[in-house]
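So the chains spell out like this:
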Amino acid sequence: MRVRGAMKVKVISILEDNYMYLVIEEQSKEAIAVDPAVPHRLLEIVKREGVSLTAVLTTHHHWDHARGNEALLKDVPGLRVYGGDDRIGGLTDKVTDTQELKFNSINVRCLFTPCHTSGHMCYFVWEDECTDAPAVFTGDTLFVGGCGQFFEGTAEQMYHNLTQVLGSLPQDTKVFCGHEYTIKNLKFAMLVEPENEKVKEMLSWAKDRDDNDKPTVPSTLMDEFEYNPFLRLSEEGVQKFTGKTDPIEVLRVLRKEKDKFKKPKERVPPHAMLALEWGLLRP
């Protein structure tokens, strides 16, 4: 996925539903990794692309985002690991809100977004002298069609993250999130706003992407405001669903309902049922 003139973002699916990213500056052939939780896979791609890995941006300390850092530090001399939480393994440089980092022509602004974890950072990335859309790596704060769980924070914090920190970025910003949750998120969005045509359209598109084993990232902020209920807190349909009008209370109820939301269990195929009965598969 090409984001800017001389900057390329490689979307790498890992684990069950995670994404890690490799941001390549094509002129210098230097690269930055975001949440590289499977280090050997990352290094294979780094080698294949013919680039040198100079830095890691970690959004938060959870193992499925940060567990590759220590191994990468051993394998890549001089590597720097950036993040906003002392719990991040292999952290070499702790960053603060609005701090800016420079990697040749690539600029990174660190955006403090506590809630999913108390030290969560998003990273806004743009390139010098380029008019193409910037990118934001949102970890587990903003997803396509959804937002992260409030493990270590409050609805007030997430409201600030979504509306003030991320929502105020340029509307054409490309959103690269930490997980492929899009179909489940959009099924919930359909429950919230059953008449929203954009949600229906996006859900159909996401299912098609899934059928073809393709990612649904990136989206754009502009798109998210059209179908993501967590960014549509003042919309009549979303308020009606939650029974609230204050946007923070709307968000609080939405998140509680999403936590309870489960997609219908898929029926086990008949041949699998027979295999279970015959003891060929363990339940």
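Bear in mind that the values here come from a model prediction, so they are computed numbers and not experimental data. (Residues numbered from 1 in each chain as written. Predicted model: local features only at pLDDT ≥ 70, side-chain atom pairs only at ≥ 80, totals over all residues. Heavy atoms only, no water.)

Summing up its helical and strand segments, the chain has ten helices and 14 strands in all. Against the 2.2 N^0.38 benchmark of 19 Å for 283 residues, the chain shows a C-alpha radius of gyration of 20 Å, consistent with a compact globule. The C-alpha extent of the chain, read off along each of the three principal axes, is 55 × 50 × 35 Å. A total of 283 residues make up the chain; the buried ones form 52% of that total. Pairs at least 24 residues apart make up 58% of the contacts formed inside the chain by residues separated by at least 6 positions. Put simply, the chain shows about 13600 Å² of open surface, and 50% of that area lies on carbon and sulfur atoms. Separation of charge centres in the chain, based on 36 positive and 44 negative side chains, amounts to 4 Å. (Helix = DSSP H or I, 4+ residues; strand = E, 2+ residues; numbered from the N terminus. Rg over C-alpha atoms; globule rule 2.2 N^0.38 Å. Buried < 20%, exposed > 50% of the residue type's maximum accessible area, 1.4 Å probe, protein only. Contact = heavy atoms within 4.5 Å. Areas by Shrake-Rupley, 256 points an atom, 1.4 Å probe, with all protein chains shown as cover. Lys, Arg positive; Asp, Glu negative; His and termini not counted. Charge placed at Lys NZ, Arg CZ, Asp CG, Glu CD.)

One open sheet accounts for six strands, arranged β1-β2-β3-β4-β5-β6; its pairing is mixed. Unpaired on one side and paired on the other, β1 (7-14) and β6 (93-94) mark the two borders of the sheet. Contacts from helix α1 (residues 39-49) reach β1, β2 (18-25), β3 (30-34) and β4 (52-57), with the element oriented near 145 degrees to β1. (Pairing = 2+ DSSP bridges. Axes fitted to C-alpha atoms, helices over the stretch in contact; angles between N-to-C directions.)

What follows covers the environment of N18. Along the chain, N18 falls in strand β2. Taking the relative accessible area as the measure of exposure, N18 reaches 4% and is therefore buried. Once residues lying within four places of it in the same chain are set aside, the contact partners of N18 are I12, S13, D64, H65, G178 and H179. For N18, the side chain forms a polar contact with the main-chain oxygen of D64, separated by 3.0 Å. (Polar contact = N/O pair within 3.5 Å; in protein donor to acceptor, adjacent residues only side chain to side chain.)

Moving on, we get to the nonpolar core. Residues Y21, V23, L57, L101, V108 and F137 are the most contacted members of the largest nonpolar core, which totals 34 residues. Among the elements that take part in this core, helix α6 (residues 197-211) stands out by supplying four residues, more than any other. When neighbours within four sequence positions are excluded, F137 is seen to be in contact with V9, Y21, V23, V34, T59, C122, Y123, V125 and F176. With 27 residues, the next largest nonpolar core counts F150, V175, F188 and L221 among its residues. (Core = buried A, V, L, I, M, F, W, Y, C linked by side-chain atoms within 4.5 Å.)

Where like charges cluster on the molecular surface, the negative patch consists of D208, D210, D211 and D213. Among the structural elements, D210 can be located in helix α6. Using a relative accessible area of 49% as the deciding quantity, one classes D210 as partly exposed. (Patch = residues over 30% accessible without salt bridge, like charges linked within 9 Å, V, L, I, M, F, W, Y side chains within 5 Å. Salt bridge = Lys/Arg side-chain N within 4 Å of Asp/Glu carboxyl O.)

Applying the stated criterion across every chain yields a total of 18 salt bridges. Across the salt bridge formed by E26 and K8, the nearest N and O atoms sit 4.0 Å from each other. Within this pair, whereas E26 is found in the loop between β2 and β3, its partner K8 is found in strand β1, the two being separated by 18 residues in sequence. Residue classification places K8 among the buried positions, given a relative accessible area of 18%. Between E100 and R109 there is a salt bridge; the shortest N-O distance is 2.9 Å. Residue class for R109 comes out partly exposed when judged on its relative accessible area of 25%. Residues participating in the shared-partner salt-bridge network are K8, K10, E26 and E49.

With that settled, the discussion passes to the sheet that holds strand β13 (residues 174-177). If you walk across this open sheet you meet the six strands as β7-β8-β9-β10-β13-β14, and the pairing is mixed. Both edges of this open sheet fall to β7 (100-103) and β14 (219-220), since each of them pairs with a single strand only. For strand β10 (residues 135-139) and β13, the ladder comprises four bridges, and the chain directions are parallel. Among the inter-strand pairings, A135 is bridged to a residue of β13, identified as K174. Running over the sheet, helix α4 (residues 155-166) touches β8 (106-112), β9 (121-127) and β10 and is turned about 145 degrees from β8.

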